[in-house]
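Summary of the model geometry
Residue-level listing of the chains:
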Amino acid sequence: MTESERNWYRSHNPNLNKDNREHLDEQNRVINLLNPQFDCTDLPQPKADELYNARENFHHLANGYDEPLYSKLRFADWLCQQGQCSEELLLRFLTDRSFYFADQRDLGNYPGDSHGIKPDVGLDTLLLDDNVWSDVQHAANITDAELLQRGLEDIKATHGDLELGKKIYDGLFDLSQKISLSTEEIEKFLHNSHYSRDFPEPGYYFIAAFENAHRAQLICEHEWIPTTVHQYFLEENERRYSELNKQIRRQQDSFLCSKHLIDELNKISSDCPQFPQECSDSEFLSKLKTTIALFEQYVRSTLYAVRNRTYEGILYTVKRPLEQRPYYAAIYRLLNACYQDKRWHRLTPLFLYHAFSGSTKVILRCATEKHRRKLIKRISQQNEPARVKRMTTMTGRRAAINLVLYAKLKNTFNSSTSVCLLNRSPKTCARLPYAADENIYRRIKFPVGKSNPQCPTDCPFRRDAKEYLDWGFALTTKYGLLQHHLNGIDDSVQIPESELLCKRDLLEDDEDNEAQSADSTNEPKVSIWRYATDYRKPVGTLEGLLRNHIMNCFPNRPYNLTPTTPNTYRSKDSNPFDAPYAELAGLLLQEQHLPAMLRIIRQIKKLLSMHSEYVDGYRRFLEYPAPTSMVIDYLQGIIQRHNIMWQVVRFPEFEKSRASYNIRDSIQNILEYEIRARIYDGMYNELEQLAYRSLSKIPFLYNKTTETSVKPLARKLH
């Protein structure tokens, strides 16, 4: 970073003024939450160059951004105002957590060794403090003689004895007249002179003086020095970036065979016989009984969820013999179309799902001649998502039951076979490598209902049966933005049969209702489904993964919050149970027992909703570096102004521990986290629009209709 770049950034920083340019506490900022078991050391030069090159590559992608890469939030504002950006820049921005931007990366700086080598200075300190900037520049240009003198002065200040230090100093000074000294040369000299190189021997102070000067030179040149923590940050970024790219490619491949998948489903539908031949195969009959039971439970669950009185007949038909139930023949016909040559078609679960969910009423009344011809509507690709804002709405409850139905059918007709999307032979795979010819899909003819069993395991177009079904489900339903049902849990609920009836059909007389309620304990129970969200498995895999990165690209974790009282979590050595954030844990545990309206968290949310200026005022701390004390004063001012802290006297543990500083820090953490979350929430919609504009060449499940003009951001660039 040059002097001109630093002056330009300082002139645009609203957090600086003549009265408040306090020195940041690097020790408290960097190592307060650093895992002591993690070995934070400098990287070898080849590894360090890789990290430098990765950051420079990102800076090169952001062509036109003329500020230091300090604030990720400020960069996001600039990025959204561009309207569109390159695919690589966007994906690397979304998958980054703590590497490309100094406000997060500097948490991984070398914390010093507490024996003479100082902590690495962060970019925020260089931009804020003139004294630190001058010291770093001076240390980078200091002579060998001055460094030796500094080491000698440190020995005197620490030990008060210069006898041994003076001998080492004289030897190193004579050596400096012949060669340029470095830490390696000093270590070699100490070893040859039989002086110990390890702390606390005096020789170490000379090593520390030269090492600090070397580190200052690197910081002036690169703004940071790569450590093992930074390497961890970058490796995590690269893993996420690789996974996202892989999923993009897999969805591109899957889309190119989507027409064939839909044609397969409609082929089963067209082959569904009106008068099927009788099948006495035990496998078929077993699956028939299971499928009928699934359909009945699906109808009961839908009746309970959406209160459609058309489905009430299911309460009485289940009491008839199996073959006399009106939907028996319909389900028999559907299964007959899927069971050929004593094998179930690989798309059987998806086909039955569309039949059950799309033609529920038709199947329920199939005994009548009017409904014997067509059992299932034509299946097609869906281009618009279901309008489900919450799973508690009517549409959301129906979607939840449909997601359970699909999971049940997929488990019932489980298959271990794999599918090759292109149905290529091993010879073709070897002759035509992956992505060698984008037009191969147009020339491939897909044999209907067959798959190549010799597809090699490393074929990039290979999909297991469940993944192939899940892709078809996402493609042909409107649930691509929802989550699958969580398997392996108890998802059935027993309720009284009368609860399935629509409320408008119940007796209006209060006495009769009371009598009915009294008799409900003796009513027969019926089983319905309960949807459980599988947050790890979105229906639209790429859409879910992209949404996850958008929602998490701004890290908001405990170590990202402003550090509070230094060393408070190491002060009570006499307490055997003292631990970091023990007071915060105690505060939250006691909070959950209070009514919702009395909780401090609820009051903080209400406070920020009433005073949006608190959120706007804090935003500048995320856009520009600020002294730690300034941020703490801002947050504590809000806490004191609204008397938040003293509400904890309701908790008995507060009186016992009297750890007022821990309570203060805990409330500050909660307040700051909520403010940050609200600021980041305001960026998610902008980033989502940017993503779909910039990734327009990537096929998504649904057509995204973005406005031609970008909506104005909540806060413009200065």
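As a starting point, this report considers the structure included with it. (Residues numbered from 1 in each chain as written. Predicted model: local features only at pLDDT ≥ 70, side-chain atom pairs only at ≥ 80, totals over all residues. Heavy atoms only, no water.)

**A look at the nonpolar core**
Burial of nonpolar side chains together is a common tendency in soluble globular proteins. Formed by 78 residues in total, the largest nonpolar core has its most connected members in Phe75, Phe93, Phe554, Tyr618 and Ile675. Per-element accounting of this core gives the leading share, 13 residues, to helix 31 (residues 660-694). Those residues in contact with Phe554, other than ones at most four positions away along the chain, are Lys72, Leu73, Ala76, Phe93, Tyr680, Met683, Tyr684 and Leu687. Among the nonpolar cores identified, the runner-up in size contains 77 residues, and Leu288, Tyr332, Leu364 and Val419 belong to it. (Core = buried A, V, L, I, M, F, W, Y, C linked by side-chain atoms within 4.5 Å. Buried < 20%, exposed > 50% of the residue type's maximum accessible area, 1.4 Å probe, protein only. Helix = DSSP H or I, 4+ residues; strand = E, 2+ residues; numbered from the N terminus. Contact = heavy atoms within 4.5 Å.)

**Description of unusual backbone geometry**
If you check the backbone angles, Arg307 has positive phi at about 55° while not being a glycine. Along the polypeptide, Arg307 turns up in the loop between helix 15 (282-306) and helix 16 (314-317). Overall, the relative accessible area of 25% leaves Arg307 in the partly exposed class. Of note, the phi angle at Lys342 is positive, near 60°, even though the residue is not glycine. Within the secondary structure, Lys342 is located in the loop between strand 1 (339-340) and strand 2 (343-344).

**Description of the packing of helix 27 (residues 600-610) against helix 28 (residues 612-623)**
In the contact formed by helix 27 and helix 28, the axes pass within 4 Å of each other and the chain directions differ by 85°. Relative to helix 28, the element helix 27 is oriented roughly perpendicular. Of the residues in helix 28, those in contact with Leu607, Leu608, Ser609 and Met610 of helix 27 are Ser612, Tyr614 and Val615. Grouping the amino acids of the contact of helix 27 with helix 28 by side-chain chemistry returns five nonpolar, two polar and no charged. (Axes fitted to C-alpha atoms, helices over the stretch in contact; angles between N-to-C directions. Parallel < 35°, antiparallel > 145°, perpendicular 65-115°, else oblique. Nonpolar A, V, L, I, M, F, W, Y, C, P; charged D, E, K, R; others polar.)

**What to know about the packing of aromatic side chains**
Summed over all chains, the structure comprises 34 aromatic pairs. Consider the rings of Tyr52 and Trp224, whose centres lie 5.2 Å apart with planes at 70°: the pair is edge-to-face. Of this pair, Tyr52 sits in helix 3 (residues 45-61) while Trp224 sits in the loop between helix 12 (203-222) and helix 13 (228-256), placing them 172 residues apart in sequence. Here the two residues Tyr52 and Trp224 agree in accessibility, since each one is buried. When the centroid spacing of 5.8 Å and the interplanar angle of 85° are considered together, the rings of Phe99 and Trp224 count as edge-to-face. Placement of the pair is Phe99 in the loop between helix 5 (87-95) and helix 6 (102-105) and Trp224 in the loop between helix 12 and helix 13, with a sequence separation of 125 residues. The class for Phe99 is buried, based on a relative accessible area of 0%. Judged by relative accessible area, Trp224 falls into the buried class, the value being 1%. Members of the aromatic cluster, connected to one another through ring pairs, are Tyr52, Phe58, Tyr65, Phe75, Trp78, Phe93, Phe99, Tyr100, Phe101, Trp224, Phe554 and Tyr680. When the ring centre of Tyr241 is taken as reference, the NZ or CZ atom of Arg92 above it lies at 3.9 Å. (Phe/Tyr/Trp six-rings, centres within 6.5 Å; stacked < 30°, edge-to-face > 60°. Lys NZ or Arg CZ within 6 Å of the ring centre and 35° of its normal.)

These figures come from the coordinates and say nothing about function on their own.
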